[in-house]
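Understanding the architecture of this molecule
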Amino acid sequence: MSGNVETWFSDRSFEQCRAQFDRDGYLIFENVLTANELDAINAALAPYLQQDLKGRNEFEGHESNRVYAMLAKSPLFGDLVTHPLALKFVEADLGEDCLLSACLAIKLHPGETAQPWHYDDSHYRWPRPRPSLGVSCFWAIDELTDENGATEILPGSHLWGDDQVEGSVAAEDFNKEQRRMGDPGARADAKKALMPAGSLMLAKGTLWHRGGANRSDKARLIITPQYCPAWTRQLENMALAVSAEKAKLLPERAQELIGYSICAPFMGYVDGRHPKRRLEN
């Protein structure tokens, strides 16, 4: 998963693409992954998706499968989280010493309802409006359509203040017994991120979005790596999710992203030494 990132910019410069990212809060690049790359991703995920473990609450999705700790599942996902096109924007926003905050696969089955609205860096609990403290990638492993639950976004919402969006995530959405009635988050200004398989959407951590309802007769699959600044805490505890033995199999840049790196001058050290030393044993 490599290549010259400029080939995906069409007739635009990186600066123009980034200006659009700053204005709208999201960017979409179509057909980034090849058919062979998609086949390899599907094969690596198959053993875990075949377990058919459904979401535990309304937020995860009662008719959805989620696969966590993905870099412990296959080194292939180390290649995905270090894709040069994604990292070009991630590092520009968060710094070259950024970290991988989370990486999960989400498969929406027919009958899944719309997810509550949320933004991915809300756990930092800093008042809005504010600069984003994250960048989320949405890799379309299947085509995302109007019917199968394409991610819905509110363009420009990364710049909004602290007012809550109607139908946004609430504490009860993490209750195993809670079920929402209807679609309290339906909005006329929502935009569906329709993408061919292999496409990439980048979103600011402050952008309001949600998984759509799957009204089709087929499941749809995305993978969403999420990144954070080096000085913030990751959503998933990567040191426990990915053992040192598994980390040794990852590309060096992926090792850095999961925490085998330093935020200057020395945040992240282990026993007074660079954490990469732990991979040399």
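Anything mentioned here points back to the structure above.
Model, not experiment: these values are computed from the prediction. (Residues numbered from 1 in each chain as written. Predicted model: local features only at pLDDT ≥ 70, side-chain atom pairs only at ≥ 80, totals over all residues. Heavy atoms only, no water.)

**Focus on the layout of surface pockets**
When its volume is computed, the largest pocket comes out at roughly 870 Å³. Phe59, Arg66, Gln115, His118 and Asp120 are the residues nearest the centre of the largest pocket, which is lined by 39 residues in total. Among the residues making up the lining of the largest pocket, the classes are represented as 14 nonpolar, 15 polar and 10 charged. Around the second largest pocket sit 22 residues that line it, and Gln234, Ala239, Ile258, Gly259 and Tyr260 are the ones nearest its centre. Residue classes in the lining of the second largest pocket are distributed as 12 nonpolar, 6 polar and 4 charged. (1 Å grid on protein atoms, 1.4 Å probe; cavity = no way out; pocket = protein on both sides within 12 Å on 5 of 7 lines; lining within 4 Å. Points joined across faces, edges and corners; volume = space filled by probe spheres on them. Nonpolar A, V, L, I, M, F, W, Y, C, P; charged D, E, K, R; others polar.)

**A word on the pattern of salt bridges**
Enumeration over the complete set of coordinates arrives at 17 salt bridges. Residue Asp93 pairs with Lys204 through a salt bridge whose shortest N-O separation is 2.7 Å. Note that Asp93 is positioned in helix H4 (residues 84-94) and Lys204 in strand S7 (residues 200-204), a separation of 111 residues in sequence. Since its relative accessible area comes to 24%, Asp93 is described here as partly exposed. The partner of Arg210 in a salt bridge is Asp183, with the nearest N and O atoms 2.8 Å apart. Of this pair, Arg210 sits in strand S8 (residues 209-210) while Asp183 sits in the loop between strand S5 (152-153) and strand S6 (191-192), and the two are 27 residues apart along the sequence. You can call Arg210 buried: its relative accessible area is 3%. (Salt bridge = Lys/Arg side-chain N within 4 Å of Asp/Glu carboxyl O. Helix = DSSP H or I, 4+ residues; strand = E, 2+ residues; numbered from the N terminus. Buried < 20%, exposed > 50% of the residue type's maximum accessible area, 1.4 Å probe, protein only.)

**A few points about the pairing of S7**
In terms of residue burial, S7 counts as a mostly covered element, since 5 of its 5 residues are buried. Burial along S7 is two-sided: the face carrying Leu200, Leu202 and Lys204 and the face carrying Met201 and Ala203 are both buried. Pairing of strand S1 (residues 26-29) with S7 involves 4 bridges; the strand directions are antiparallel. Note on S7: the bridge partner recorded for Leu27 is Leu202. In terms of strand pairing, strand S4 (residues 135-140) meets S7 through 5 bridges, oriented antiparallel. Residue Val135 lies in a different strand from S7, and its bridge partner there is Lys204. (Pairing = 2+ DSSP bridges.)

**So, the sheet that holds S6**
With antiparallel pairing, the 3 strands of this open sheet are ordered in space as S6-S5-S8. Of all the strands in the sheet, the pair left with one neighbour each is S6 and S8. Looking at chain direction, S5 and S8 are connected through 2 bridges and run antiparallel. The partner of Glu152 across the bridge, within S8, is Arg210.

**Things to note about the packing of helix H1 (residues 14-24) against H4**
Put simply, H1 and H4 touch, their axes get as near as 11 Å, and they point 65° apart. For the pair H1 and H4, the sense of crossing is right-handed. Between H1, through Phe14, Cys17, Arg18, Phe21 and Asp22, and H4, the contact on the second element is made entirely by Lys88, Phe89, Ala92 and Asp93. Class assignment for the residues of the contact of H1 with H4 results in 5 nonpolar, no polar and 4 charged. (Axes fitted to C-alpha atoms, helices over the stretch in contact; angles between N-to-C directions. Left-handed = near helix turned anticlockwise from the far one by under 90°. Contact = heavy atoms within 4.5 Å.)

**Here we look at the packing of aromatic side chains**
Counted by the stated rule, this structure contains 10 aromatic pairs. Taking the centre distance of 6.3 Å and the plane angle of 65° together, the rings of Phe266 and Tyr269 count as edge-to-face. Taking the relative accessible area as the measure of exposure, Phe266 reaches 55% and is therefore exposed. Connected via pairs of aromatic rings, a cluster forms that spans Phe9, Phe14, Phe21, Phe29 and Phe89. Just above the ring of Phe14 sits the side chain of Lys88; from NZ or CZ to the centre is 4.9 Å. A cation sits over an aromatic face here: Lys204 above Phe21, 4.4 Å from the ring centre. (Phe/Tyr/Trp six-rings, centres within 6.5 Å; stacked < 30°, edge-to-face > 60°. Lys NZ or Arg CZ within 6 Å of the ring centre and 35° of its normal.)

**Some words on helix H2 (residues 35-49)**
Given a rise of 1.5 Å per residue, 15 residues ought to cover 21 Å, and the 20 Å separating the end C-alpha atoms of H2 matches this to within 8%. At Ala43, H2 shows its strongest bend, of approximately 25°, with the proline Pro47 following within four residues. Check the buried side of H2 and you find it contacts strand S2 (64-67), helix H3 (76-81), strand S3 (99-108), S4 and strand S9 (220-228). (Expected span 1.5 Å × (residues − 1). Bend = angle between axes of the 7 residues up to and from the residue.)

**A word on the sheet that holds S3**
With antiparallel pairing, 6 strands are arranged side by side in an open sheet as S1-S7-S4-S9-S3-S2. This sheet does not close on itself; its edge strands, each paired only once, are S1 and S2. Strand after strand, the sheet turns through a mean of 20° between neighbouring axes, direction not considered. Each of S1, S4 and S7 is contacted by H1, which is oriented at about 130° to S1, the strand it contacts most. Relative to S9, H2 is tilted by about 95°, and along the sheet it contacts S2, S3, S4 and S9.

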